[in-house]
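Fold and geometry: a report
Residue-level listing of the chains:
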Amino acid sequence: MVLNLTQKKIAVIVGVTGQDGAYLCGDLLNLGYEVYGVARKLTAQNSWRLSQLGHLKNPKLNLVELDITHPSQVSSLIESI
């Protein structure tokens, strides 16, 4: 009997457009994670770090705009993942 013990690796990064979040995003993408990057507002102006590091082209990066102070939005994100 062969068991497939591999699981899909998923990470949620709150503050993905900030310096630490952008670098963490890159590290996790390189490790094969599917990354959900959360930001209050997603604009070209505040996502320049992700663009500069080349992460925006990665199909495993899913950007999500939401306010983490609203529990229903956070719950919806987790349910959708």
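The structure under discussion appears in the preceding block.
Rules and cut-offs
- Residues numbered from 1 in each chain as written.
- Predicted model: local features only at pLDDT ≥ 70, side-chain atom pairs only at ≥ 80, totals over all residues.
- Heavy atoms only, no water.
- Helix = DSSP H or I, 4+ residues; strand = E, 2+ residues; numbered from the N terminus.
- Contact = heavy atoms within 4.5 Å.
- Expected span 1.5 Å × (residues − 1).
- Buried < 20%, exposed > 50% of the residue type's maximum accessible area, 1.4 Å probe, protein only.
- Core = buried A, V, L, I, M, F, W, Y, C linked by side-chain atoms within 4.5 Å.
- Pairing = 2+ DSSP bridges.
- Axes fitted to C-alpha atoms, helices over the stretch in contact; angles between N-to-C directions.

**Brief notes about the environment of Cys25**
Tracing the backbone shows Cys25 in helix α1 (residues 19-30). Residues Cys25 and Val35, ten residues apart in the sequence, show an inter-C-alpha distance of 6.9 Å. Apart from residues lying up to four places away in sequence, Cys25 is in contact with Ile13, Val16, Val35, Leu50, His55 and Leu61.

**Description of α1**
Residues three or four positions apart in an α-helix share a direction because the helix packs 3.6 residues into each turn. Taking 1.5 Å of rise per residue, the twelve residues of α1 would be expected to cover 16 Å, and the 17 Å separating its terminal C-alpha atoms lies within 8% of that figure. Buried residues of α1: Gly21, Ala22, Cys25, Gly26, Leu28 and Leu29, and no others. For α1, the elements touching its buried residues are β1 (10-14), β2 (34-39), α2 (48-52) and β3 (61-65). Where α1 terminates, the next one or two residues include Gly32, which has phi positive at roughly 95°.

**Quick word on the nonpolar core**
Ala11, Ile13, Val16, Ala22, Cys25, Leu28, Leu29, Val35, Leu50 and Leu61 form the largest nonpolar core, which has ten residues in total. Taken together, the elements giving at least two residues each to this core come down to β1 and α1. Top contributing element to this core by residue count: α1, with four residues. Beyond its immediate chain neighbours, meaning those up to four positions away, Val16 contacts Gly21, Ala22, Cys25, Gly37, Val38, Leu50 and Leu63. In this structure, Tyr36, Val38, Leu66 and Leu77 belong to the second largest nonpolar core, which totals five residues.

**Focus on the sheet that holds β3**
Within the open sheet, the three strands sit side by side as β1-β2-β3. Their pairing is parallel. Across the chains shown, the open sheet's two edge strands, defined by having one partner strand only, are β1 and β3. Across the sheet, the mean angle separating the axes of adjacent strands is 20° when strand polarity is ignored. The sheet contact formed by β2 and β3 spans five bridges and is parallel.

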